[in-house]
Amino acid sequence: MLRAALVWLGFAQPDKSNSGAGHGHGHSETGEHGHTHGVIDPTIATTARGIWAIKWSFVVLAITAVLQLGVVFVSGSVALLADTIHNVGDAVTAIPLWIAFQLVRRKPSARFTYGLGKAEDLAGVTIVAIILVSAIVALYEAVDRLLHPQTINMLGAVAVAGFVGFIGNEVVAVYRIRVGREIESAALIADGYHARTDGFTSLAVVLGAAGVWLGYPLADPIVGLLITLTIFGIVWQSAKAVLTRMLDGVEPAMIDEIRHAAEHVGAVKEVRNVRARWLGHRLTTELDVAVANGTTVEEADAISAEVEAMVADHVPALASAHVRVRALEGATPSSLPIHGGHHHAPAPIAIKGARIDGVLEIVDTPDGERMRLTAARLPDGARVSVVIARPEGDETLPLVAGEGEPGILMSVSAPAEPHEFNARLILNVGDHEDDFPFRMVEPIGHAHA
C-alpha cells in the first residue's frame, strides 16, 4: 500500500517484474519505463499524451489561480498574491509546451531534416523566462509590503486559498510526472516537480495567515518573500537543465548504457566515439564499432543493424542510432592478399558530410594498390574522385563502383608513390559539388626504395 502511494506521487518507480512487455536481459535499463512494440508511430503517440497532460494541467492551474485571485482582492495578502502570481505563471507555461509538442509531431522536411524536436528546448527557455518574471513581480510585492505594512482581512479565506493552491498543484504534479515518465520527457517531469514545490509553497500561505492571526502582521510578507526565494531557486535549477540540453548535454550514465548495449553484440570487438544528444524528449546517438578486418560489407551491415536493435532495446527513449563499422586496428585483412609480401598503408581517412559517410583508404588488391572508398551513405548517381596534390601537378583518381559491391568505390589505377600527400575527395551529385580536404601520412619507419 505504501509503495503504491509512493508510485502514485512520483517518488518511486512502478514494479515491472510482472509486465509481459519486459525484455530478457538481466540488467537495468537507463530509461525509467520500458517500451512496447506496436504499429503506432511512437513519436505521435507520446506527444499526444504530452499534449493531453498539458491541456489538463492548464485547466487545473487556471481554476486554482482564479479561485486564489478572488481571495487576494478581498484580503490583501501578499503571501497569497505571490503564490497566485506563481500559479498564473505555471498555467501560462502550458502554452509554450503545448506549441512545442504540436511542432514535434511534424515529420522531418528538406529544411529540418531532424524534425522539430528542439522546439521543446525553446519551450523550456520560455518557461524559465516566465517563472523568472513571476519571481521578480512577487519579490517587488513582498518587499513593498514589508516597507509599507497593510492589514490582512479574511484570514480564514486566505488559509483555505492556500490549501486550494496545494491541492491544485499536487494534482498537476502527479499527472505531469506520470505522463512525463511514460513518454521520457525531461521537460514535463521537471515541470511536474516544479508544480509539487509550488504546492508546498501554497501551504506556506497557510502558515503566514496563522502568524497574522497570532499577532505577527509581518508574517504574511515574510512568507511571501520566502516563496519568492523558492521561485528563484526553481529558476536556477530549471535553467541549468534546459541549457544543458540546448547545448546537447547528455547524462554520462546514458553514454555508458549505449556503450554497454553495443558491447553485447558478439561481432563487435571495440566500441568507440559514442555521442548522443536529445531532440526534445527523444534521443539520437552516433557510435563507431570496430570489427575484425576482412569483414564483408554485407556482414558489416548486419552488425550495424544488430547494434542499432540492441541499443534501442536498452534505451527506450532512443529515436535513432547511427552506427559506423570500422576495421579493428592492428589486424591483417585475411580477405585481401598482401602485395609483395608487405604493405605499409596510411591510416584510413573518415569522410563525413551531409551527403556522404564513409572511409577512404589505400588497399592492396590482386591488381596492385588502389584507393578505396567504403561508403555507408552515398547518393545514387554520385560521382566521386580523389585529387592528390603532387609537385609535378595534380593527380586525379576517379572512384568507380564495382559490380556486386554496393557502397564500395575503387580507383582504376594505383596512387603514385609516396603515400604521404595532401588531397581532396570531390563528390558531385547533380549540380552540387562537395569538397573534403584531407592528408594521408606514411606510417612511421616506412621508406621507399
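From a predicted model like this one, the values you see are computed outputs, not experimental measurements.

1. A word on the overall build of the protein
(1) Moving on: When helices and strands are counted, the protein shows 9 helices and 11 strands.
(2) Moving on: The buried share of the protein, reckoned over its 449 residues, is 44%.
(3) Moving on: Considering only residue pairs separated by 6 or more positions, the protein has 67% of its internal contacts joining residues 24 or more positions apart.
(4) Moving on: Accessible area for the protein stands at about 22800 Å²; split by element, carbon and sulfur atoms hold 63% of it.

2. Considerations on the pairing of strand β2 (residues 282-291)
(1) Moving on: With 9 of 10 residues buried, β2 is to be regarded as a mostly interior element.
(2) Moving on: Each parallel crossover has a hand, and the one from β2 via helix α9 (residues 297-314) to strand β3 (residues 318-327) is right-handed.

3. Quick look at unusual backbone geometry
(1) Moving on: With a phi close to 50 degrees, N273 is a non-glycine residue in the positive phi region.
(2) Moving on: Mapped onto the elements of the fold, N273 is located in strand β1 (residues 270-279).
(3) Moving on: Given the relative accessible area of 45%, N273 is considered partly exposed.

4. A closer look at the sheet that holds β1
(1) Moving on: Here 3 strands make up an open sheet; going across it, the order is β1-β2-β3 and the pairing mixed. What marks the edges here is a single partner per strand, and that holds for β1 and β3. Averaged over all adjacent pairs, the angle separating strand axes in this sheet is 15 degrees, with direction ignored.
(2) Moving on: One ladder, built from 9 bridges, connects β2 with β3; its direction is parallel. Each bridged residue has a counterpart across the sheet, and for T285 the counterpart in β3 is A321.

5. Side note on the packing of helix α4 (residues 119-147) against helix α7 (residues 219-246)
(1) Moving on: Following both chains from N to C, one finds α4 and α7 inclined at 160 degrees, their axes separated by 8 Å at the closest point. Relative to α7, α4 is oriented roughly antiparallel. The crossing of α4 and α7 is left-handed.
(2) Moving on: Tallied by class, the residues present in the contact of α4 with α7 amount to 22 nonpolar, 5 polar and 3 charged.

6. Notes on the confidence of the model for the protein
Low-pLDDT stretches of the model should not have their predicted coordinates read in fine detail.
(1) Moving on: This prediction gives the protein a mean pLDDT of 76; 82% of its residues lie at or above 70.
(2) Moving on: Averaged pLDDT values for the elements of the protein fall to 53 in helix α1 (residues 2-9) and rise to 93 in strand β7 (residues 383-388).
(3) Moving on: When the criterion is pLDDT under 50, residues 16-45 qualifies, and its contacts beyond four places in sequence or with other chains add up to 48 contacts.
(4) Moving on: Across residues 330-343, where pLDDT falls below 50, the model places 21 contacts with residues more than four positions away in sequence or in other chains.

7. Topic: the pattern of salt bridges
(1) Moving on: Enumeration over the complete set of coordinates arrives at 11 salt bridges.
(2) Moving on: The partner of K352 in a salt bridge is D357, and the shortest N-O contact between them spans 3.8 Å.
(3) Moving on: Residue class for K352 comes out partly exposed when judged on its relative accessible area of 45%.
(4) Moving on: Exposure remark for D357: the relative accessible area of 8% places this residue in the buried category.
(5) Moving on: Shared partners join several salt bridges into a network, and the residues in it are R275, E286, D288, R324, K352 and D357.

8. A look at the nonpolar core
(1) Moving on: Formed by 29 residues in total, the largest nonpolar core has its most connected members in L80, I131, V158, V205 and I227.
(2) Moving on: Breaking this core down by element, the ones donating at least two residues are α2 (42-75), α3 (78-104), α4, α5 (155-183), α6 (186-213) and α7.
(3) Moving on: Here the element with the most residues in this core is α7; it accounts for 8 residues.
(4) Moving on: Here L80 is in contact with Q68, V71, V72, S75, V158, A161, G162 and V205, once residues within four sequence places are set aside.
(5) Moving on: Counting 24 residues, the second-largest nonpolar core is a separate cluster that includes M254, V307, A321 and V323.

9. Some remarks on the side chain of S411
(1) Moving on: Along the chain, the position of S411 falls in strand β9 (residues 408-411).
(2) Moving on: A residue is classified by how much of its surface remains accessible, and S411, at 3% relative accessible area, is buried.
(3) Moving on: Once you skip the residues sitting within four places of it in the chain, S411 turns out to touch R370, M371, L397, P398 and L399.

10. Structural notes on a nonpolar patch on the surface
(1) Moving on: Among the surface-exposed residues, W52, W56, F58, V59, I63, L67, V88, V92, I95, W98 and I99 lie close enough to one another that they form a single nonpolar patch of about 990 Å² accessible area.
(2) Moving on: Counting residues per element, the ones that place at least two in the nonpolar patch are α2 and α3.
(3) Moving on: Sort the elements by how many residues they give to the nonpolar patch and α2 lands first, with 6 residues.
(4) Moving on: Relative to the helices and strands, I99 is located in helix α3.
(5) Moving on: Taking relative accessible area as the criterion, I99 reaches 41% and is therefore assigned partly exposed.

11. Section: the sheet that holds β9
Hydrogen bonds along the backbone pair up the strands of a sheet, which may run parallel or antiparallel.
(1) Moving on: Within the open sheet, the 8 strands sit side by side as β4-β5-β6-β9-β8-β7-β10-β11. Their pairing is antiparallel. On the outer flanks of this sheet lie β4 (349-352) and β11 (432-440), each paired with one strand and no other. When strand polarity is set aside, the average angle formed by the axes of neighbouring strands in this sheet is 25 degrees.

12. A closer look at the packing of helix α8 (residues 252-263) against α9
(1) Moving on: Relative orientation of the contacting elements α8 and α9 amounts to 135 degrees, with a least axis distance of 8 Å. In terms of their interaxial angle, α8 and α9 are classed as oblique. Crossing of α8 against α9: the hand is right-handed. Residues E257, I258, H260, A261 and A262 of α8 touch α9, and the partners they reach there are V307, M310, V311 and H314.
(2) Moving on: Classifying every residue of the contact of α8 with α9 by side-chain character gives 6 nonpolar, 2 polar and 1 charged.

Rules and cut-offs
- Residues numbered from 1 in each chain as written.
- Predicted model: local features only at pLDDT ≥ 70, side-chain atom pairs only at ≥ 80, totals over all residues.
- Heavy atoms only, no water.
- Helix = DSSP H or I, 4+ residues; strand = E, 2+ residues; numbered from the N terminus.
- Buried < 20%, exposed > 50% of the residue type's maximum accessible area, 1.4 Å probe, protein only.
- Contact = heavy atoms within 4.5 Å.
- Areas by Shrake-Rupley, 256 points an atom, 1.4 Å probe, with all protein chains shown as cover.
- Right-handed = clockwise from strand over helix to strand, strands pointing away.
- Pairing = 2+ DSSP bridges.
- Axes fitted to C-alpha atoms, helices over the stretch in contact; angles between N-to-C directions.
- Parallel < 35°, antiparallel > 145°, perpendicular 65-115°, else oblique.
- Left-handed = near helix turned anticlockwise from the far one by under 90°.
- Nonpolar A, V, L, I, M, F, W, Y, C, P; charged D, E, K, R; others polar.
- pLDDT = per-residue confidence, 0-100.
- Salt bridge = Lys/Arg side-chain N within 4 Å of Asp/Glu carboxyl O.
- Core = buried A, V, L, I, M, F, W, Y, C linked by side-chain atoms within 4.5 Å.
- Patch = residues over 30% accessible without salt bridge, like charges linked within 9 Å, V, L, I, M, F, W, Y side chains within 5 Å.

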